[in-house]
Amino acid sequence: DHRDLHSFPTRRSSDLKKIKMFSNILPKLTFLTLLKYTISFLDYTYTHNEGEILKIGIGQLKSVITHLPFRADYPGIFDLKDNKIINDNLGEIISGSKITESNFIVKLNRNEYCKILNTVILNTKNIERIKWLINHEYANSFFLDKLPSARGFYDTSIKEYFTIYQGGIPLGFSREDDNGLDIYYIYNHFTFKILIHEINNKKYEIVGFITYPSSIEQNEQNLICNKNKSNSEIIPNYEELNIPQKIDLNKNVTITYDIIFEKSNLTLVSRWDNYLHLSSDIHWFGLLNSNLIILIFTFVVIFIFCRAIKRDIDLYNIRVTGDDFIDEYGWKQVCNDVFRKPKNSILLSTFIGNGVQLFLMLFFSLLISIIGVLKPESRNNLLTLMILMFTLMGILGGYSSAIIYKSFKGNNWLKNSLLTALLYPSIIFSIFIFSNFFLIVEGSESIQFSALLSLLFLWLFCSTPLVLIGAFLGTKKKRIKIPCRINPCPTTIPKKPWYFRIKYLIWITGLIPFAAIFIEFIYLMASLWRDQIYYLFTFLWISLIVMIIISSEVSIIIVYLCLCKGDYNWWWKSFFIGGSPVIYIIGYSFYYFFYLNITRFSTMVIYFCAMSIFSSGIFLICGGLSTIITYFFLIKIYSMIKID
């Protein structure tokens with residue numbers, strides 16, 4: 001159709017000029033941006049020489065109760081004002097996981113005892129903050145050589161030491177006195193136990209990092225920790241030997257630390273095993289079990305469904321070629337209406353393009369993580385990678401949106417591409433800014449303005465031009481050929497049973513895909529809101545694919561049944577049925593919200609903003625991919641019947 005291929009003659013020259021302008025500036029902007037945010041993916045040297053000076057990094061204060069991050073120097077104990085950020089990247093800034101270089105100094109394989117870090121005089125402001133942080137279970141996070149510190153503690157009942165590899169190092173603790181009043185104590189002495197593996201010629205790898213916090217009432221003139229200076233084998237329990245450090249007004253608090261090295265047979269490859277073992281056997285068995293059951297069920301349904309389709313096609317073809325023609329029934333009767341343009345077609349094509357872009361972002365980001373490019377040490381680089389992938393996949397998102405929009409015989413391709421590039425990202429960016437506002441109100445560690453500008457830059461000057469280029473390439477392609485002609489006047493749709501209404505169907509159709517990702521979703525929620533380390537990206541990648549496949553299959557079956565009832569308005573129905581797992585994701589999010597016992601209003605806002613971003617992404621991915629797959633399925637089955 002010559003008219004369709006050149007449906008924008010009056011604006012074609014001006015649109016081409018805009019495309020050329022974007023094409024000229026895009027390579028430079030993209031190169032500079034990608035160079036800035038991929039530096040953190042470069043290889044890191046984990047081998048250190050004996051005596052080499054390393055600095056312990058300290059992350060933000062975090063709590064699983066409030067989920068409001070604060071700088072480590074917020075209570076006024078550590079002085080980090082002029083210290084630099086370690087391995088700063090966009091993912092760390094956005095997720096609030098920046099690591100600041102502390103004043104704890106480590107000389108490799110050199111034991112140090114009772115080193116003074118600093119002395120702090122507590123004032124009213126410090127005391128109020130410290131007590132509030134202790135009441136809300138805030139903890140520090142120490143890092144050495146990109147390895148987070150485990151917490152070591154002494155069990156006085158059985159006289160043994162234990163190690164916890166998640167949760168960070170508590171800021172302090174409280175106890176009730178004889179009058180029932182809470183007395184607060186602060187951890188002011190840290191014993192850092194560092195496990196090293198010797199390679200050769202006094203070269204070492206750091207394979208373990210454990211912090212033993214203690215509360216000791218001491219000052220610079222009377223350092224209690226000196227009593228154990230000569231004992232390098234035992235880490236004493238200072239709470240048993242001394243009076244813990246109370247938090248009192250105008251009280252001097254002296255921060256001290258020990259550095260103890262211990263040689264280990266662990267290697268660099270296995271140093272993360274203790275951190276990740278919590279997500280191994282039960283996780284793998286449960287996920288395999290659920291996915292295996294669902295896949296078996298799916299194959300059975302497909303087998304029965306394909307046999308029914310084949311029987312229908314054979315029957316229709318016999319009737320058309322036979323001497324006695326019988327009236328059509330079933331899905332064949334709507335062959336001249338099934339590919340009719342849906343309502344709000346430009347919005348549907350926009351959502352499909354966004355869904356394709358988000359799916360490819362997750363698909364390639366997780367695939368890169370699986371093949372080992374991202375290591376556990378590369379904290380939050382996955383988020384950085386996802387942002388970059390979303391930017392690069394804009395060209396395929398715009399291309400998909402344009403192809404679908406062109407199949408609707410749309411002629412305003414620029415409006416369609418701009419909606420694809422701007423509509424969904426602008427909503428997500430607005431939610432992000434809105435939640436960041438509450439972090440600012442709470443005095444928490446909010447997202448830096450430079451990071452917001454970086455996101456804005458990637459969106460407007462990298463992702464948007466790529467979407468426009470992809471949309472332009474999509475308009476140059478031929479329209480998808482459909483096997484049936486479309487009647488000028490739409491056929492009247494007969495009345496359907498109540499259970500074929502979309503508001504009832506989505507509750508049934510969303511349950512099966514959600515069951516496929518339920519176990520993985522539990523671990524994801526624990527990683528996001530319980531501060532647990534997550535690194536089983538292989539199963540996350542598999543769950544994503546399984547969810548898309550099952551959502552598409554359910555969409556195909558429901559659309560087929562609706563067509564058999566004479567309902568040819570399947571476009572939006574397929575999109576909502578495909579995206580219906582989000583109903584159960586939202587429902588579980590509310591359940592998890594009450595499970596977390598969140599009481600602060602700002603934390604509620606942040607939680608639901610984050611879950612709305614996650615849920616909307618899943619909705620667009622499942623809905624968009626299911627609609628595309630259903631579309632090509634219908635083209636296939638209608639091309640197999642003989643149209644008279």
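Draft legend 1. Geometry of the pattern of salt bridges. Within this structure, the stated rule accounts for 10 salt bridges. One salt bridge in this structure joins R71 and D73, with 3.1 Å as the shortest N-O distance. A residue is classified by how much of its surface remains accessible, and R71, at 27% relative accessible area, is partly exposed.

Draft legend 2. How the structure looks around the environment of S95. Inspection of the secondary structure assignment puts S95 in helix α3 (residues 90-95). With 351 residues separating them along the chain, S95 and S446 place their C-alpha atoms 9.7 Å apart.

Draft legend 3. Layout of the state of the cysteines. For the structure on display, the rule yields zero disulfides. Looking at C562, it has no disulfide partner, and the nearest cysteine sulfur is the one in C564, 9.2 Å off. The buried category is assigned to C562, whose relative accessible area is 2%.

Draft legend 4. Molecular detail of a nonpolar patch on the surface. Together, L292, I296, V300, F303 and I304 make up a nonpolar patch on the protein surface, roughly 510 Å² of accessible area in all. Assignment of secondary structure puts I304 in helix α7 (residues 281-321). The exposure class assigned to I304 is exposed, which follows from its relative accessible area of 53%.

Draft legend 5. Inspection of the side chain of S463 at higher detail. Looking at the element boundaries, S463 is found in helix α12 (residues 449-476). In contact with S463, not counting residues within four places along its chain, are Q357, F390, T391 and L458.

Draft legend 6. Region of the structure containing the packing of aromatic side chains. Under the counting rule described, the total for this entry stands at 61 aromatic pairs. A centroid spacing of 4.8 Å and a plane angle of 85° characterise the contact between F408 and W571, whose relative ring orientation is edge-to-face. Taken as a pair, F408 in the loop between α10 (394-407) and α11 (413-441) and W571 in helix α16 (residues 571-578) lie far apart in primary sequence, 163 residues in all. W571 matches F408 in its accessibility class, with the two residues each being buried. Here a set of aromatic residues connected by ring pairs shows up, and it is made of W507, F514, F518, F521, Y584, Y588, Y591, Y592, Y595 and F614. The ring of Y74 has R129 sitting right over it, with the charged end atom 4.1 Å from the ring centre. Sitting over the ring of Y185, R175 keeps its end group 5.8 Å from the ring centre.

Draft legend 7. Spatial organisation of unusual backbone geometry. Backbone geometry places H67, a non-glycine residue, at a positive phi of 60°. Looking at the element boundaries, H67 is found in the loop between β2 (53-58) and β3 (85-86). What makes H67 buried here is its relative accessible area of 15%. A positive phi angle, near 55°, is found at N597, a position not held by glycine. Relative to the helices and strands, N597 resides in the loop between α17 (581-596) and α18 (601-639).

Draft legend 8. Summary view of the pairing of strand β14 (residues 189-200). Bridging between β14 and strand β15 (residues 203-214) involves 11 bridges; their strand directions are antiparallel. Opposite E198, over in β15, you have Y204 as the bridge partner. In this sheet, strand β16 (residues 252-263) lies alongside β14 in parallel orientation, the contact comprising eight bridges. Bridge pairing links K193 to I260 in β16.

Definitions and limits used
- Residues numbered from 1 in each chain as written.
- Predicted model: local features only at pLDDT ≥ 70, side-chain atom pairs only at ≥ 80, totals over all residues.
- Heavy atoms only, no water.
- Salt bridge = Lys/Arg side-chain N within 4 Å of Asp/Glu carboxyl O.
- Buried < 20%, exposed > 50% of the residue type's maximum accessible area, 1.4 Å probe, protein only.
- Helix = DSSP H or I, 4+ residues; strand = E, 2+ residues; numbered from the N terminus.
- Disulfide = S-S within 2.5 Å.
- Patch = residues over 30% accessible without salt bridge, like charges linked within 9 Å, V, L, I, M, F, W, Y side chains within 5 Å.
- Areas by Shrake-Rupley, 256 points an atom, 1.4 Å probe, with all protein chains shown as cover.
- Contact = heavy atoms within 4.5 Å.
- Phe/Tyr/Trp six-rings, centres within 6.5 Å; stacked < 30°, edge-to-face > 60°.
- Lys NZ or Arg CZ within 6 Å of the ring centre and 35° of its normal.
- Pairing = 2+ DSSP bridges.

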